[in-house]
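If you want the building blocks of each chain, they are given just below.
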Amino acid sequence: MGQQARAADEADIVVIGCGSGGSAAAGRLSEDGRYRVAILEAGGRNTSFKTVMPGMMPFQAEGTNWRFETVPQPGLNGRRGYQPRGRGMGGSSAINAMLYLRGHARDYDEWRDLGCAGWGWDAVLPVFKRCEHNVRGADAFHGDDGPLWVSDQDWANPGSHAFLEAAAALQMPLNPDFNGATQDGIGIYQVTQRRGERWTAARAYLGDGHPRSNLRIVTDATVERVIFEDGRACGVAYQVGGETRIIRATRAVVMSGGAFQTPQMLMLSGIGPGAVLQEQGLAVRVDAPGVGADLQDHVDYVAAFETKGVPFLGSSLGGTFRSLGAIARWMTTRTGPMTTPYAEAGGFVTTDPALERPDVQLHFVVAIVEDHGRTKVKGHGYSCHACVLRPYSRGTVGLNSPDPRDAPRIDPAFLSDQRDVETMKRGVREMYRILDAPPITGFKGRDRYPIDLRDDDALEQVIRDRSDTVYHPVGTARMGSDDGAVCDPRLRVRGVEGLYIADASVMPRLVGGNTNAPSIMIGERCADFVRQDLG
Ligand SMILES: Cc1cc2nc3c(=O)[nH]c(=O)nc-3n(C[C@H](O)[C@H](O)[C@H](O)COP(=O)(O)OP(=O)(O)OC[C@H]3O[C@@H](n4cnc5c(N)ncnc54)[C@H](O)[C@@H]3O)c2cc1C
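Residues numbered from 1 in each chain as written. Predicted model: local features only at pLDDT ≥ 70, side-chain atom pairs only at ≥ 80, totals over all residues.

(A) Looking closely at the packing of helix α11 (residues 418-435) against helix α12 (residues 456-466). In the contact formed by α11 and α12, the axes pass within 10 Å of each other and the chain directions differ by 100°. With respect to α12, the element α11 is oriented roughly perpendicular. Judged by residue contacts, V421, M424, K425 and V428 of α11 engage L459, E460 and I463 from α12. (Axes fitted to C-alpha atoms, helices over the stretch in contact; angles between N-to-C directions. Helix = DSSP H or I, 4+ residues; strand = E, 2+ residues; numbered from the N terminus. Parallel < 35°, antiparallel > 145°, perpendicular 65-115°, else oblique. Contact = placed C-beta atoms within 7 Å.)

This is the structure in structure tokens:
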């Protein structure tokens, strides 16, 4: 191999996956020029206006989303769930709803108490702050000079304001900052946008058009497996256009494929439950039963209401004209209705007085959501989600085949623990308390799925008939200090050398909130650990 070819196929650190965690890790590891970093991403560059314009979220190209499905879920009356995951630069931060939430402070203290030394709230808060560029400025809870822009919504829908007013009329607290002193209450969410544009983790951390000479980004590169020499990760095999290539990693490999594909890639690299690997004819390098175990996700119920047109988003002749005007406005000023994250308002409620933290999150959406937006509904309306923040149900990720291009086998085991059903019932009732209060009732919305909330059995049936994910899978390569943990609290995969994980899969417990900012925080910390280890 000539000198030039060798240089092109070698890096000090190879990062797999350019999503929330991977972008943050690669960005920080490459910023001081000390290491040659290569990042391999299965999808494309994600520069389309449909990615950048927030309001185009439901219309993004199919190639930006892996569009996974779960195995049939007994807890959902046998239905298969849908699991969208971002594909391409930015990963899921390129297709998500952009809501900026960190979870509850006590969630991180719980991580620490579970054996993740150094992950308590005191330790992670400074990292959240250094990630953040909050347009409101810095304070005890926020940063204003980090790469991740956090903005107030430019144009929240009148319906979102009505949602807040209805909650206030019920004496529920209003909360202008869910990432501040307290999480409880109802409010308008802050969003990961910069001057009206979606601000993906890749845009935040990888220079947004300002390439670094020591950072190589390879897109359309599907990783097959990590390669080891004497128990040390020393390279990665990946496919481009049907051809397998090898890139050497002289110092470290960081895996950031997300909660479904990190365990898949670990298994394809021989790290996982021995029986599962053998079933697929894969050699077992490390028998690690924790890989793919402990899948946790926010199970979610959506209520949807039809209204007569204004002010909600939807499909109609008048709506189309208004959308065209909104698109023109966004194109020229980056302001107006097309900056919407759709899930504009919401908040955190405590449905059980015995609890010290909210156990249900609400997302008020300014359009009708039917089957995750995959079924387009004629007309206008609004929706509201209620999700269980700390589910007891535990699922798994496994392999359907040893082919890296195949989808992993996803079984979230939604509502397999009856305690989650009970929380969901309380959450749905609490949500309807707001939806049934003025001024929301002034929109005269027709409930598409009316429920008799007094009938406990009927409520459970409708929950099992209609619930699914609100897109926060975690925990499938969890960190910890016990034998069952996949990686240690410095994010090093146990049983091998030189392999780290930087994504949502390491969370030992699902946080009570949306998972983009926590995944980015994990990526930042992984970069710290790798730098400290490599010197
Ligand atoms: C529809 C939707 C809405 C959401 N809304 C919000 C929200 O509003 N706020 C919020 O905080 N969170 C939200 N989330 C969740 C949040 O975006 C994710 O939890 C977070 O982005 C996960 O980060 P990650 O690094 O773990 O994985 P990802 O960001 O998913 O990154 C994984 C990356 O690895 C790549 N990859 C996978 N396999 C391979 C392979 N074999 N070879 C090469 N590359 C590979 C993928 O293409 C992807 O780019 C939402 C998620 C979705 C899907």
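Next comes the rest of the account.
(B) Geometry of the site of the ligand. Taken together, 42 residues form the shell around the ligand, and within it G17, G19, G91, N514 and N516 come nearest. Counting residues per element, the ones that place at least two in the shell around the ligand are α2 (20-30), β11 (222-229), α8 (258-268) and α13 (516-534). Ranked by the residues each element gives to the shell around the ligand, the list is headed by α8, at four residues. For the shell around the ligand, the per-class residue count stands at 17 nonpolar, 21 polar and four charged. (Near = placed C-beta within 6 Å. Nonpolar A, V, L, I, M, F, W, Y, C, P; charged D, E, K, R; others polar.)

(C) Region of interest: the pairing of strand β2 (residues 37-40). Neither face of β2 is left uncovered, since the one carrying V37 and I39 and the one carrying A38 and L40 both have all their residues buried. Read from strand β1 (residues 10-16) through α2 to β2, the crossover connection turns out right-handed. (Buried ≥ 20, exposed ≤ 12 C-beta atoms within 10 Å, placed from the backbone. Right-handed = clockwise from strand over helix to strand, strands pointing away.)

(D) Representation of the pairing of strand β13 (residues 243-255) in the model. Here six bridges tie β1 to β13, and the two strands are oriented parallel to one another. When the bridges of β13 are listed, I13 appears paired with A252. Summarising the sheet, strand β12 (residues 232-240) and β13 pair through six bridges and their orientation is antiparallel. Looking across to β13, one finds that V240 is bridged to E243. With antiparallel pairing between neighbouring strands as the criterion, β12 and β13 make up a hairpin whose turn holds two residues, including G241 at a positive phi of roughly 55°. One ladder, built from three bridges, connects β13 with strand β25 (residues 499-501); its direction is parallel. Along β25, the bridge assignment pairs M255 with I501. (Pairing = 2+ DSSP bridges.)

(E) Seen up close, the packing of α2 against α13. Two numbers describe how α2 lies on α13: the axes approach to 7 Å, and their chain directions differ by 35°. Considering how the two elements wind past one another, α2 and α13 form a crossing that is right-handed. Between α2 and α13, the contacting residues are S20, G21, G22, S23, A24, A25, R28 and L29 on the first element and N516, S519, I520, I522, G523, E524, C526, A527, V530 and R531 on the second. Split by residue class, the contact of α2 with α13 holds eight nonpolar, seven polar and three charged. (Left-handed = near helix turned anticlockwise from the far one by under 90°.)

(F) View of the UniProt feature "domain: Glucose-methanol-choline oxidoreductase N-terminal" (unreviewed entry) in the protein. Annotation from UniProt places "domain: Glucose-methanol-choline oxidoreductase N-terminal" (unreviewed entry) at residues 258-272. Helix makes up 73% of residues 258-272 and strand 13%, with an end-to-end C-alpha separation of 16 Å. (UniProt positions renumbered as here; feature names shortened; annotations may be inferred.)

(G) Representation of the environment of V37 within the structure. Considering the arrangement of structural elements, one finds V37 in strand β2. For the pair V37 and L215, spaced 178 residues apart in the sequence, the C-alpha separation amounts to 4.9 Å. With residues near it in sequence (within four places) discarded, V37 still touches A11, D12, I13, V15, A26, L29, S30, N214 and L215.

(H) Inspection of the confidence of the model for the protein at higher detail. On average, residues of the protein carry a pLDDT of 96, and 98% of them reach 70 or more. Below pLDDT 50 for its whole length, residues 1-7 participates in one contact with residues either more than four positions away or in separate chains. This prediction of the complex comes with two scores: 0.97 for pTM and 1.00 for ipTM. (pLDDT = per-residue confidence, 0-100.)

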